[in-house]
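So you can see what is in the structure, the chains are spelled out below.
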Amino acid sequence: MNYSTLFIQLLPEAVLVVTALLLLGVAVATEAKTGKPIANATASAISAIGVILAGFAIFNMPSNIDSGSQLISMDPLARIFKAVVLGLGLLAILLPPARREIQNPGEFFALILFALTGLSLTSGTNHLLFLFVALELASLSLYLLAGFPRTARASEASLKYFLFGGVSAAFLLFGLSLVYGFSNAATLPELAVKLAENPTSPLAIAGLVMVVVGIGFKLAAAPFHYWAPDVYQGAPATSVALISAASKAVGMVVLVRFLLIGFSAASGSAAWGGMVAGWSLWIGVLAAVSMIFGNVLALAQTSVRRLLAYSAVANTGYLLVGLCANGASAAGAALFYVVVYGLATLGTLAVTAAVERNRGNDSPTSFAGLVHRSPLQAVALLVFLASLAGIPPLAGFAGKFAMFSAALSASTHGGDPGLTWLVGLASIMSAISLYYYLSILKQAFVKESAEAGEESPITASHALAVGIPAAALVVLGLFPALLLDPITAALIGSMSGR
Amino acid sequence: MTPAWTLTSAFAAALLVLLLPARSAGFAKVIALVGSLVGMVAAAVACLARLSNPSGAVWSFDCDWIPSLGARFHLAADGLSLTLLLLTGIVAVAGVLFSWNVTHRPRAFFAFFMTIIGGVYGVFLSRDAFLLFVFYEIVILPKYMLIAIWGSTNKEYGAMKLTMYSIGASALILIGISVAYAAAGGTSFDIAHLAAASYSPALQSWAFPILFLGFTVLAGIWPFHTWAPTGHVAAPTAASMLLAGVVMKLGAFGALCVAMPLFPLGFAQWQPVIAGLAVIGIIYGALTALSQKDLKFVIGYSSVSHMGFILLGMAAATHWGLRGAVLQMISHGIIAGLLFGIAGRVVYERTHTRDLAALKEFDLWKTLPGVAIAFTLATAASMGMPGFSGFVAEISVVIGLWQAYPWLTIAVAIGIILTGAFSLRALQKTCFPNRTPTDAAAHALPPLTWPEISAISLLLAVSLAIGIYPKPWIVLIDDGLRSPLFNSILSLP
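Asker: I keep staring at the overall build of chain B and nothing clicks. Help me out?
Answerer: Counting its secondary structure elements, chain B contains 22 helices and two strands. Taking 2.2 N^0.38 as the reference for a compact globule, 493 residues should give roughly 23 Å; the C-alpha atoms of chain B span a radius of gyration of 21 Å, in line with that estimate. If you line up chain B on its principal axes, its C-alpha atoms span 75 × 60 × 45 Å. Pairs at least 24 apart in sequence give 82% of the contacts found in chain B among residues at least 6 apart. Total accessible area on chain B is roughly 15,700 Å²; 70% of this is exposed by carbon and sulfur atoms.

Asker: I tried to follow the interface of chain B and chain A on my own but got confused; where do I start?
Answerer: Accessible area lost when the parts come together is the quantity often used to give the size of an interface. On the side of chain A, 40 residues touch chain B, which itself brings 38 residues to the contact. In this assembly, chain B packs against chain A so that about 3,300 Å² is buried in total across both faces, 78% of it on carbon and sulfur atoms. On the surface where chain B and chain A come into contact, there are two salt bridges. For B:Glu156, the salt bridge is made with A:Lys447, and the minimal N-O distance between the two is 3.2 Å. Broken down by class, the residue content of the side of chain B that touches chain A amounts to 28 nonpolar, seven polar and three charged.

Asker: Help me understand the side chain of B:Thr88 in this model?
Answerer: Its place among the elements puts B:Thr88 in helix α3 (residues 79–98). Excluding anything up to four places from it in sequence, B:Thr88 contacts B:Ile117, B:Val120, B:Tyr121, B:Phe124 and B:Val246.

Asker: Help me understand the nonpolar core in this model?
Answerer: Nonpolar side chains tend to gather and get buried jointly when the protein is soluble and globular. Ranked by internal contacts, the top residues of the largest apolar core, which has 383 residues, are A:Phe81, A:Phe258, A:Phe263, A:Phe445, B:Phe130 and B:Leu256. Among residues more than four places away in sequence, those in contact with A:Phe81 are A:Ser123, A:Ala249, A:Val253, A:Leu335, A:Val338, A:Val339 and A:Ile487. Judged by nonpolar contacts, the second largest core, of five residues, contains A:Leu6, A:Leu121, A:Phe130 and A:Ala134.

Asker: Got a minute to help me understand the confidence of the model for chain B in this structure?
Answerer: Residues shown with low pLDDT carry predicted positions that ought not to be read at fine detail. Residue and element names in this part refer to chain B. This prediction gives chain B a mean pLDDT of 88; 98% of its residues lie at or above 70. Per-element confidence in chain B ranges from a low mean pLDDT of 78 for helix α16 (residues 364–367) to a high of 93 for helix α4 (residues 106–125). Here the complex is predicted with pTM 0.92, and the ipTM for its interfaces comes to 0.90.

Asker: Is there a simple way to explain the pattern of salt bridges in this structure?
Answerer: Oppositely charged side chains can form a pair if their charged atoms are brought close together. Throughout the structure, instances matching the rule amount to 18 salt bridges over all chains. Close ionic contact of B:Asp78 with B:Arg127 constitutes a salt bridge, the shortest N to O distance being 3.4 Å. You can see B:Asp78 sitting in the loop between β2 (71–77) and α3 and its partner B:Arg127 sitting in the loop between α4 and α5 (129–138), a full 49 residues away along the chain. Across this residue pair, the class does not change: B:Asp78 and B:Arg127 are buried. Through salt bridges that share partners, A:Glu156, A:Lys160, A:Asp230 and A:Arg306 make up one connected network.

Asker: Sorry, what's going on with a nonpolar patch on the surface here?
Answerer: Residues and elements named next belong to chain A. A cluster of nonpolar side chains, namely Val 474, Val 475, Leu 478, Phe 479 and Leu 482, defines an oily patch on the protein surface of about 420 Å² accessible area. Counting residues per element, the nonpolar patch draws most heavily on helix α19 (residues 460–478), at three residues. Looking at where Val 475 falls in the secondary structure, it is placed in helix α19.

Asker: Would you mind going over the packing of helix α13 (residues 304–324) of chain A against helix α17 (residues 395–411) of chain A with me for this structure?
Answerer: Geometry of a packed helix pair, given as the angle between the helix axes and the separation of the axes. Residues and elements named next belong to chain A. Close contact between α13 and α17 brings their axes to 8 Å; oriented N to C, the two are set at 35°. Crossing angle aside, the handedness with which α13 passes α17 is left-handed. Only Lys 400, Met 403, Phe 404 and Ala 407 of α17 make contact with α13, whose side of the interface consists of Tyr 318, Leu 319, Val 321 and Gly 322. The residue makeup of the contact of α13 with α17, split by class, is six nonpolar, one polar and one charged.

Asker: Would you mind showing me how to read the packing of aromatic side chains here?
Answerer: Centre-to-centre distance and the angle between the planes together describe a pair of aromatic rings. For the structure on display, the rule yields 35 aromatic pairs over all chains. Measuring from centroid to centroid gives 5.6 Å for B:Phe130 and B:Phe189, while their planes differ by 45°, and the two rings are tilted. Placement of B:Phe130 in helix α5 and of B:Phe189 in the loop between α7 (155–183) and α8 (191–196) is noted, with a sequence separation of 59 residues between them. The class of B:Phe130 is buried, set by a relative accessible area of 1%. The exposure class assigned to B:Phe189 is buried, which follows from its relative accessible area of 0%. What links up through ring pairs into an aromatic cluster is the set A:Phe397, A:Phe401, B:Phe61, B:Trp65, B:Phe73, B:Phe130, B:Phe133, B:Tyr181 and B:Phe189. One cation-aromatic arrangement involves B:Arg354 over B:Tyr348; the distance from NZ or CZ to the ring centre is 5.1 Å.

How each quantity is defined
Residues numbered from 1 in each chain as written. Chains lettered and ligands numbered in written order. Predicted model: local features only at pLDDT ≥ 70, side-chain atom pairs only at ≥ 80, totals over all residues. Heavy atoms only, no water. Helix = DSSP H or I, 4+ residues; strand = E, 2+ residues; numbered from the N terminus. Rg over C-alpha atoms; globule rule 2.2 N^0.38 Å. Contact = heavy atoms within 4.5 Å. Areas by Shrake-Rupley, 256 points an atom, 1.4 Å probe, with all protein chains shown as cover. Buried area = accessible area lost by both parts, 1.4 Å probe. Salt bridge = Lys/Arg side-chain N within 4 Å of Asp/Glu carboxyl O. Nonpolar A, V, L, I, M, F, W, Y, C, P; charged D, E, K, R; others polar. Core = buried A, V, L, I, M, F, W, Y, C linked by side-chain atoms within 4.5 Å. Buried < 20%, exposed > 50% of the residue type's maximum accessible area, 1.4 Å probe, protein only. pLDDT = per-residue confidence, 0-100. Patch = residues over 30% accessible without salt bridge, like charges linked within 9 Å, V, L, I, M, F, W, Y side chains within 5 Å. Axes fitted to C-alpha atoms, helices over the stretch in contact; angles between N-to-C directions. Left-handed = near helix turned anticlockwise from the far one by under 90°. Phe/Tyr/Trp six-rings, centres within 6.5 Å; stacked < 30°, edge-to-face > 60°. Lys NZ or Arg CZ within 6 Å of the ring centre and 35° of its normal.

As structure tokens, this is what we get:
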């Protein structure tokens, strides 16, 4: 093993950790000197700089870097998704953390950096044990982040998230140990070789089911989603942004690695009339349940944050449709969609945070008349929600269309219906989702605000957190190939062992 | 001036209107008028160019868009597309003129309006199923906003119902297109490529109704037409004109130029069902229109009835039938625009009622003779009187139908009689009520304004022009129908 290469590989994470420690030091020093905690803006600026430096480290890393370590695999997929994690994390950092100022911003932003470190490490490994440790680093940080302003709501969110997350970690660990017990392989490519000899081993399948349950919790797939509404409602906007965008993207990467690299021999099939036991069928059922649950329950929400939580469940369903087809282009489209989904949800949260600050709550009626109070925020909200609903020419549409059509072409041969049942369900559910997204837009554009008055202006960094995702969704909607093609190519590269 | 000017002028106008500073919001309508005029002129010029050189190559534009999916930015304009572009341009100009008095948030109004126009142009020009679907869906949100913000009568319900029907139908289209894409090898969304692939009869028999229904919901196929009357009534005048005039034609266009050519065997299987639904739509729409109290509802249900002729022409699947279907798209686009413009803007803005019983009191023939004349002519056109475009279109459909389903022409004859009945009833109640004259001064109404007069004259002139001299339109439509896309349909037994 070449340690200097290993260090270069780990440089982005090292930068994040050093920044976090530096931030903690500065926070302690400031408090000792002035008697007051470090300013929110200072803490967020320091962490933003750290994230940007880590981004530079990724972009400057030589390609084909290989340290010989089994723990870290800097394959093309890892490269893209480490950048995605940092990008989504940076946008979350730009958000104002909470409705009320948090007491100790130093710790808060240091935890964000630790969470990003964990997520970044998770997206770049094929090693079972290392994956678990990295994922737990991220998860533990996120549990804490969820409970930060010590209100009752936030504490409830944090505790629920922690309890559900703890159980899911236990599932994941148990699944991983079963898989290891079956194959004696510690990495996914080795596992694939072992599994190809004996694809129907009950031990491996049991392990796989446990792993999918564990990751399903992280992704908020129904029926493992019960933590999501309370966390989305109670946690600070920044934490929700991390959980819904960056953490979900990494969850998808892990699932894609497991299913397409590790367990490709046990895929089975969810095609209509030709169902074969295997993960494809299992994922297909999870997708259907998530889409139905998420969309139907979202219809009844009176809090925009809870609505976003159910929309997260529904969107996990669409993502799983892309995986279910067991094809590189469908899974590539799903990975594209998870990025696009993250941007749209993050942007919606950013606008919601602004509305909450001005109106005190996040019910759809507090969005009333937003177009008069702040036209740019209203237009951005239109972009985010229309993208989530899959309206062109926004990126959400391109992602869904690519995912669904690729899922169909991977599953139909000749005239058989293949996955048409699942894709049909997905497109109809996606049509239904327009109803609840539109109910927010109706308030923002159609209704007049009950109380007059200008919206108090948002900070520059908050404006960036609204503006950047909106611009990205428009650009990626008009030219999806900019991101879709690199992701698909990277996935194919990673599947073939680069 | 290539046909692409239609698309670019509409979207450019929408963008310019959005960027207008608040204090010059009054310029919004001017920009929209210029944008829509450029589109109309571009379409007219392209039509004339095609007429003078009918055998030349059609204008097209083709470039890579999403290589990994095989989606291309492929536009082309054959005669059929050109006539529909011209229709859109004419309705757009008339719509802007009829909206000349919009003062509530004019920038947003005209931005949404021009976005819809741009989307409609895009659908008529697209030769790639993915691109077509993109333009098809772009229309949905602006439609919702136009109705929900500027509408009347139950506007939020009408807007939401229309939007949910549209997006639900789009989901069906997405499934249909994706199935064709997957079964054709998953390499290209090009419509000609998809139509050339051979799909198994089993696949066609279930994929065709999904795709066809997805498109025809927007064309008001019975029993999925209920969005149309509520939506048209709730919408502001210009939006009703657009909805009935061109947006419903998007559905018909998609059914004719995508669903049928892609799955001809599936179409052959479902042909009698489509014909049956079309006839039910014609008679049901007319009967319902006969019993309405609101003038806009009369026109809304008459649209359902008239759209039935388009479906019927397609179901006949003979050359005359398809030609009649396209002619009816154009004719109904013009006439529905005219009727909604007169009822929603000219009459309602002055009388503040659309209730037929209340309109009786105004006696339009006495108070506003110009309006009464225009409404009489529009009604005559809508009834299919010779000399107007409706006659040419309906006679073509009936000839086509006679070749395919002679017995159904009886039902169509009943429908035509009913159309006469509801049209005359509405006309009599609004313009020529049989009542003793009261004090006319009590109902003094403001005279017609120049934008209204120009919009009415434009639409009436086009309808008359088609009715008196339909040849250029038929030449252009036949030019489109010669495309290899329709070979499989026209050669069906």
